[in-house]
Amino acid sequence: MPASTIKIQRSNIDFLEKLKKNNNREWFNERKTEFLAEQANIENFASTLLTELNLHDVIETPSGKKSLYRIYRDTRFSNDKTPYKTHWSGSFKRAGKSRRGGYYFHIEKGNTFVGGGFWGPSPADLKLIRDDIALDAQPLRDILKSQDFISSFGQLKGEQLKTTPKGFEAEHPDIDLLRFKQFLLVKKFDDEALLSDNFVQQMGKAFRNMRPFFDYMSSVLSSDANGE
């Protein structure tokens, strides 16, 4: 199927809406064939998204199908025992130890978005990031102030400390950045965009606009404390 014809179909979303109202194994099993047909289109969409990514990055995830998360929920440690997710989602891993960051996509009526960044940096990684910010925050600020970044993501998101991180002064001029514990980029899409003919290109553009941030973080996290 030509890339120009790959899009999210209304039936892909309608199936999820029906699943929200009938989130039980009996209903799902009776419609397993319908689910597989809808999932096949999402696999094609993800494959086209992977093609978009490979235009500007090196991705380890081998296929769109491999990028998708299973629809089955892990309910072992959750109070919500409904067995199925009510969204389509997946992620792509960048290839090689020196390429840090990852790409995530989430498709759901009223809640479609792409995300990327660093959800849970290790203590060692977090120290490298903070030390680099404390030394010279300008490279990061330049990225966060760029037109492409602001138009796609607005601002850097993620959990922050309410207090001063250990080893830094409360009066540090970059304390706003030093308080971050997560470093996340998120772009949301409305339902009109979701069903548009060029939605895969819109998602691909958002992923492309993550690259300066990922390149900065990769440089920081692949160096030692002396910047080497």
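Just so it is clear, the structure is predicted and the values come from calculations on it, not from any experiment.

## Notes on the packing of aromatic side chains
Then comes step 1: One pass over the full model with this rule turns up 20 aromatic pairs.
Then comes step 2: Ring plane angle 70° and centroid distance 6.1 Å describe the contact between Phe28 and Tyr72, whose orientation is recorded as edge-to-face. Of this pair, Phe28 sits in helix 2 (residues 25–30) while Tyr72 sits in the loop between helix 4 (64–67) and strand 1 (88–93); the two residues are 44 residues apart in sequence, bridging distant segments of the chain.
Then comes step 3: Since its relative accessible area comes to 0%, Phe28 is described here as buried.
Then comes step 4: With a relative accessible area of 32%, Tyr72 lands in the partly exposed category.
Then comes step 5: Taken together, the aromatic side chains of Phe15, Trp27, Phe28, Phe35, Tyr72, Tyr84 and Trp88 make up a single cluster linked through ring pairs.

## Observations regarding the sheet that holds strand 3 (residues 112–118)
Then comes step 1: Spatially, 1-2-3-4 is the arrangement adopted by the 4 strands of the open sheet, whose pairing is antiparallel. In the strand order of this sheet, the two ends are held by strand 1 and strand 4 (183–189), each with one partner. Across the sheet, the mean angle separating the axes of adjacent strands is 15° when strand polarity is ignored.
Then comes step 2: Bridge analysis of strand 3 against strand 4 gives 7 bridges, and the strand direction is antiparallel. Residue Gly116 lies in a different strand from strand 4, and its bridge partner there is Leu185.
Then comes step 3: Packed onto the sheet, helix 10 (residues 199–208) meets strand 2 (102–107), strand 3 and strand 4 and runs at close to 20° relative to strand 3.
Then comes step 4: Seen against the sheet, helix 11 (residues 211–221) touches strand 2, strand 3 and strand 4 and runs at an angle of roughly 20° to strand 3.

## Remarks on the packing of helix 5 (residues 123–135) against helix 11
Then comes step 1: Running from N to C, helix 5 and helix 11 point in directions that differ by 105°, and their axes come no closer than 9 Å. What the angle tells us is that helix 5 and helix 11 run roughly perpendicular. Across the interface between the two elements, Asp125, Leu128, Ile129, Asp132 and Ile133 of helix 5 pack against Tyr216, Met217, Val220 and Leu221 of helix 11.
Then comes step 2: In terms of residue class, the contact of helix 5 with helix 11 is made up of 7 nonpolar, no polar and 2 charged.

## Here we look at the pattern of salt bridges
Then comes step 1: Applying the stated criterion to the full structure yields 16 salt bridges.
Then comes step 2: Between Arg31 and Glu30 there is a salt bridge, with its nearest N and O atoms 3.3 Å apart.
Then comes step 3: According to the relative accessible area criterion, Arg31 is partly exposed, its value standing at 27%.
Then comes step 4: The structure contains a network of salt bridges with shared partners spanning Asp57, Arg94, Arg211 and Asp215.

## Details of the side chain of Thr112
Then comes step 1: Along the chain, Thr112 turns up in strand 3.
Then comes step 2: Given the relative accessible area of 1%, Thr112 is considered buried.
Then comes step 3: From its side chain, Thr112 meets the backbone oxygen of Glu108 in a polar contact 2.8 Å long.
Then comes step 4: Excluding anything up to four places from it in sequence, Thr112 contacts His106, Ile107, Lys187, Lys188, Phe189, Leu194, Phe199 and Met203.

Calculation criteria
Every chain is numbered on its own, with residues counted from 1 as its sequence reads. Per-residue local features are limited, in this predicted model, to residues with pLDDT of at least 70; the limit for side-chain atom pairs, both in listing and counting, is 80 or more; totals at the level of whole chains, interfaces and linings are taken over all residues. Each side-chain value is worked out from all heavy atoms of the structure, with water and hydrogens disregarded. When two rings of Phe, Tyr or Trp (its six-membered ring) have centres within 6.5 Å they constitute a pair, described as stacked for plane angles under 30 degrees, edge-to-face for angles over 60, and tilted for the intermediate range. Secondary structure is summarised from DSSP: a helix means a run of H or I of at least four residues, a strand means a run of E of at least two, and numbering begins at the N terminus for each. Throughout, exposure labels follow a simple rule: accessible area from a 1.4 Å probe, protein chains only, divided by the maximum for the residue type, with under 20% read as buried, over 50% as exposed, and the rest as partly exposed. Whether two strands pair depends on DSSP finding at least two bridges between them. In this analysis an axis means a line fitted to C-alpha atoms, helices contributing only their contacting stretch, and an angle means the value between N-to-C directions, from 0 to 180 degrees. Only heavy atoms matter for contacts: two residues are in contact if any of them lie within 4.5 Å across the pair. Here is the rule for angles: anything less than 35 degrees is roughly parallel, anything more than 145 is roughly antiparallel, 65 through 115 is roughly perpendicular, and the remaining ranges are oblique. Asp, Glu, Lys and Arg are counted as charged, while Ala, Val, Leu, Ile, Met, Phe, Trp, Tyr, Cys and Pro are counted as nonpolar; the rest, among them Gly, fall into the polar class. Salt bridge criterion: a side-chain nitrogen from Lys or Arg within 4 Å of a carboxyl oxygen from Asp or Glu. Contacts described as polar in this section are N or O atom pairs within 3.5 Å, which, within protein, must combine one atom able to donate a hydrogen with one able to accept it, while residues neighboring in sequence count only if both atoms come from side chains.

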